[in-house]
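# Summary of the model geometry
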Amino acid sequence: MCGIFGYVGDRQATPLLLEGLQRLEYRGYDSAGIATVDDRRRLDVRKATGKLANLIGVVQQAPLAGTVGIGHTRWATHGEPNDTNAHPHLGGSGKVVVVHNGIVENYQELKDNLIARGHRFDSATDSEVIPHLIEDLLDQGKPFPEAVRLAALQLKGAHAIAGLHADTPNAIVALRIGNAGGVVVGHGPGECYVSSDLPALVSLTPTVTSLAPGQMAVVRANGCDISTLSGERVPLQKQTMASNPIVAAKGGYRHFMLKEIMEQPEVAMSALRGRLAFDPGSVTLGEVPFTPDVIRSIARVVLLGMGTSLHATQLGARFIERLARLPASAENAAEFRYRDPVVDKDTLVVAITQSGETADTLEALNEARRHGALTLAICNVPGSQVTRIAHGTMLMHAGPEIGVASTKAFTNSLVCLLLLAGHLGATRGHLRDEAVRDLVDTIARMPGLMGQALEMNATAFGPLAAEYARYRRFLFIGRGLLEPIAREGALKFKEVSYIHAEGMAAAELKHGPIALVDPETPVVAIALKDALYEKMVGNIHAVRARKGPVLAIATVGDEIIAEHANHVLWVPAAPPLLAPMVATIPLQLFAYHTAVYCGSDVDQPRNLAKSVTVE
Ligand code: F6R
């Protein structure tokens with residue numbers, strides 16, 4: 001998760017850029033940089049590794065002039081944090097500069113092509129291909145905004161980008177592809193700003209325009225032109241931001257839950273920060289404090305959690321079995337702690353907890369330590385209790401989760417568990433170099449696929465909520481890696497809509513729960529095109545034969561499911577290891593929209609608390 005800020009107007013840009021970056025520093029702080037174009041069309045860049053204070057020092061030593069500029073705070077995903085890898089990135093001519101938030105999934109292919117055409121690269125980042133692509137198009141005679149647009153169309157993945165061109169002064173081009181974080185244009189008197197989020201604009205202007213995925217803006221002092229990335233003009237719509245800080249913190253969304261659902265591709269990227277390397281492929285988890293010899297001595301893994309975090313453990317166990325071939329089990333922490341469990345020094349016990357304060361999980365982890373186990377926490381709150389109990393902590397990096405129903409912390413737990421499974425598999429020699437490389441390439445596709453899942457079905461949820469809110473009980477079914485997702489889908493649905501829902505393995509249906517199926521009991525079936533697809537189609541037939549309404553989560557374009565289910569929510573085709581994260585998204589949105597339709601208090605559902613610090 002990186003922060004982007006831009007300014008164009010008649011004031012000196014540098015102080016405004018630094019202030020803007022200060023407000024965005026929570027998004028990343030391993031390096032920062034700014035670029036300006038002065039009135040003699042000179043483009044200048046300053047960068048510094050570490051916190052923003054270092055950049056401020058650099059700028060004081062060597063000030064920049066100019067009334068237009070862009071800046072960036074970085075959370076490294078590609079290439080270690082250093083001055084060369086810090087943004088902004090220049091193209092070879094020194095006339096184009098770009099700041100970027102996202103992962104260029106096809107960067108190796110793009111870079112190889114550019115190198116073959118004579119481009120030279122300085123950094124180890126994926127982002128540097130972007131200014132080079134733009135320069136290539138400028139050399140072909142395209143105007144700057146058009147060159148940015150055409151370059152953007154070549155990028156795979158989800159991105160937020162802002163760029164400057166020395167020969168197109170007084171304009172910033174900014175764009176958004178998928179959901180790699182927002183791009184908001186702020187409109188001030190005779191000046192405009194570009195920012196990753198609304199809170200960074202609160203003190204500057206209440207008047208804003210948020211770019212939708214697939215839109216770009218050419219921003220000038222007196223306003224901006226918006227178009228789609230396919231080149232069609234979009235009428236400019238200005239909104240007035242609320243001055244209430246809570247409303248502002250919701251970033252324009254009606255509820256924190258929705259904001260947090262929408263943030264998932266971006267925070268998934270944060271969880272990958274500094275943990276994935278592409279050349280050669282590797283997963284590096286500095287936070288896992290066990291030597292390779294200790295990791296090789298682990299005989300089994302036990303994962304502990306409660307509620308949504310328990311569902312994450314169920315997937316974690318499957319990831320670890322697949323990628324590390326280690327026996328792994330998922331345990332309800334409250335049961336584990338009272339069972340006198342069989343764990344010892346050869347057992348790795350992993351506790352998953354968003355808050356890091358859940359009493360049952362903390363006590364279970366203490367119990368594991370008393371038995372001499374190796375312990376690791378996966379947690380979202382730095383410094384929370386669990387970090388003081390475990391031998392090591394992997395932070396989820398999901399950012400504060402305010403909605404009581406956990407959404408982005410769930411998917412970021414899955415990201416962390418996938419990385420952990422890869423790390424264990426590689427260290428134990430189960431995953432060879434080629435397999436690690438494939439895994440890294442697969443994981444890098446995740447934010448992009450999650451972004452696509454967020455964009456699909458956009459108009460479907462309102463009518464579906466109206467259709468389904470009248471039922472009083474639901475069954476959610478899934479198989480394989482999607483079984484825990486069925487359970488999580490049901491939990492999310494019941495806790496915010498207050499309608500009873502039960503999640504289970506689809507095969508379990510015929511062993512009892514099918515007795516419930518009738519025209520008043522909808523079944524939500526996760527039926528993606530995977531190895532168990534045919535079996536899932538069979539389960540859907542069984543439900544339809546008993547007149548149960550079926551809402552399916554299906555792979556886009558699947559006509560068989562479209563024919564058999566009453567309604568379908570589509571997701572993009574995804575590799576099996578990423579399907580759980582992708583399938584989670586429509587289930588969260590279905591729960592959210594149904595709850596809104598029912599009039600429940602979505603962010604603070606009755607009887608619940610964000611941290612359950614009691615037994
Ligand atoms: C459900 C939910 C809860 C929590 C559970 C554990 O949406 O949020 O089920 O997952 O209370 O909380 P943490 O992860 O903080 O240990």
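On a predicted model such as this, the values are computed, not experimentally measured, just so you know.

## Thoughts on the site of the ligand
Contacts to the ligand come from 14 residues, most closely from Ser309, Thr353, Ser355, Thr358 and Glu495. Separating an oxygen atom of the ligand from a backbone N or O atom of Gln354 is a distance of 2.7 Å. Between the ligand and the protein, one listed contact pairs an oxygen atom with a side-chain N or O atom of Lys492 at 2.7 Å. Burial of the ligand by the protein chains amounts to 89% of its free accessible area of 400 Å². Among the cavities detected, the one that contains the ligand is the second largest pocket. Taken together, the elements giving at least two residues each to the shell around the ligand come down to α10 (308–324) and α18 (483–497). Per-class residue counts for the shell around the ligand are 4 nonpolar, 8 polar and 2 charged.

## Focus: the nonpolar core
Formed by 121 residues in total, the largest nonpolar core has its most connected members in Ile134, Phe474 and Phe590. Ignoring sequence-local partners within four residues, the contact set of Phe590 consists of Phe461, Leu464, Tyr468, Phe474, Phe493, Val524, Leu551 and Leu569. By size, the runner-up hydrophobic cluster in this structure holds 25 residues, among which are Ile172, Cys192, Leu211 and Ala217.

## Describing empty space enclosed by the protein
Empty space left among the atoms is revealed by rolling a probe the size of a water molecule over them. For the structure shown, the criterion picks out 2 cavities of 30 Å³ or more. Looking at the second largest cavity, its volume works out to about 40 Å³. Residue composition of the lining of the second largest cavity, grouped by class: 6 nonpolar, no polar and 2 charged.

## As for the side chain of His89
Mapped onto the secondary structure, His89 falls in strand β5 (residues 89–90). A relative accessible area of 3% places His89 in the buried class. For His89, the side chain forms a polar contact with the side chain of Thr125, separated by 3.5 Å. Sequence-distant contacts of His89, that is, excluding residues within four places in its chain, are made with Lys47, Thr84, Val96, Val97, Val98, Ser123, Thr125, Ser127, Glu128 and Pro131.

## Focus: the layout of surface pockets
By volume, the second largest pocket is sized at about 480 Å³. Taken together, 21 residues make up the lining of the second largest pocket; nearest its centre are Met306, Gly307, Thr308, Lys610 and Val612. Elements that contribute at least two residues to the lining of the second largest pocket include exactly α10, β20 (347–353), α14 (408–427) and α18. Considered class by class, the residues forming the lining of the second largest pocket number 8 nonpolar, 10 polar and 3 charged.

## Remarks on the side chain of Glu128
Counting through the fold element by element, Glu128 comes out in the loop between α3 (107–116) and α4 (129–139). Look at Glu128: it is buried, it has no salt bridge, and the nearest opposite charge is Lys111 at 5.9 Å. Beyond its immediate chain neighbours, meaning those up to four positions away, Glu128 contacts His89, Leu90, Arg120, Phe121, Asp122 and Ser123.

## Some remarks on the sheet that holds strand β23 (residues 473–478)
Spatial strand order, β24-β23-β25-β26-β27: 5 strands in an open sheet with parallel pairing. Every other strand in the sheet has two partners, leaving β24 (500–505) and β27 (567–571) as the edge strands with one partner each. Neighbour-to-neighbour, the strand axes of the sheet open up by a mean angle of 20°, direction not taken into account. Along the sheet, α18 makes contact with β23, β24 and β25 (523–527), crossing β24 at roughly 175°.

## Considering the pairing of strand β12 (residues 215–220)
Here β12 lies mainly inside the structure; 5 of its 6 residues are buried. One ladder, built from 5 bridges, connects strand β8 (residues 172–177) with β12; its direction is antiparallel. Across the sheet, Val173 pairs through a bridge with Val218, a residue of β12. Pairing of β12 with strand β13 (residues 223–228), which is carried by 6 bridges, proceeds in the antiparallel orientation. Residue pairing across strands places Val219 opposite Cys224, the latter belonging to β13. Here β12 hands over to β13 after 2 residues, the two strands then running antiparallel side by side.

About the thresholds
Residues numbered from 1 in each chain as written. Predicted model: local features only at pLDDT ≥ 70, side-chain atom pairs only at ≥ 80, totals over all residues. Heavy atoms only, no water. Near = heavy atom within 4 Å. Polar contact = N/O pair within 3.5 Å; in protein donor to acceptor, adjacent residues only side chain to side chain. Areas by Shrake-Rupley, 256 points an atom, 1.4 Å probe, with all protein chains shown as cover. 1 Å grid on protein atoms, 1.4 Å probe; cavity = no way out; pocket = protein on both sides within 12 Å on 5 of 7 lines; lining within 4 Å. Sits in = over half its atoms within 2 Å of the grid points. Helix = DSSP H or I, 4+ residues; strand = E, 2+ residues; numbered from the N terminus. Nonpolar A, V, L, I, M, F, W, Y, C, P; charged D, E, K, R; others polar. Core = buried A, V, L, I, M, F, W, Y, C linked by side-chain atoms within 4.5 Å. Buried < 20%, exposed > 50% of the residue type's maximum accessible area, 1.4 Å probe, protein only. Contact = heavy atoms within 4.5 Å. Points joined across faces, edges and corners; volume = space filled by probe spheres on them. Lys, Arg positive; Asp, Glu negative; His and termini not counted. Salt bridge = Lys/Arg side-chain N within 4 Å of Asp/Glu carboxyl O. Pairing = 2+ DSSP bridges. Axes fitted to C-alpha atoms, helices over the stretch in contact; angles between N-to-C directions.

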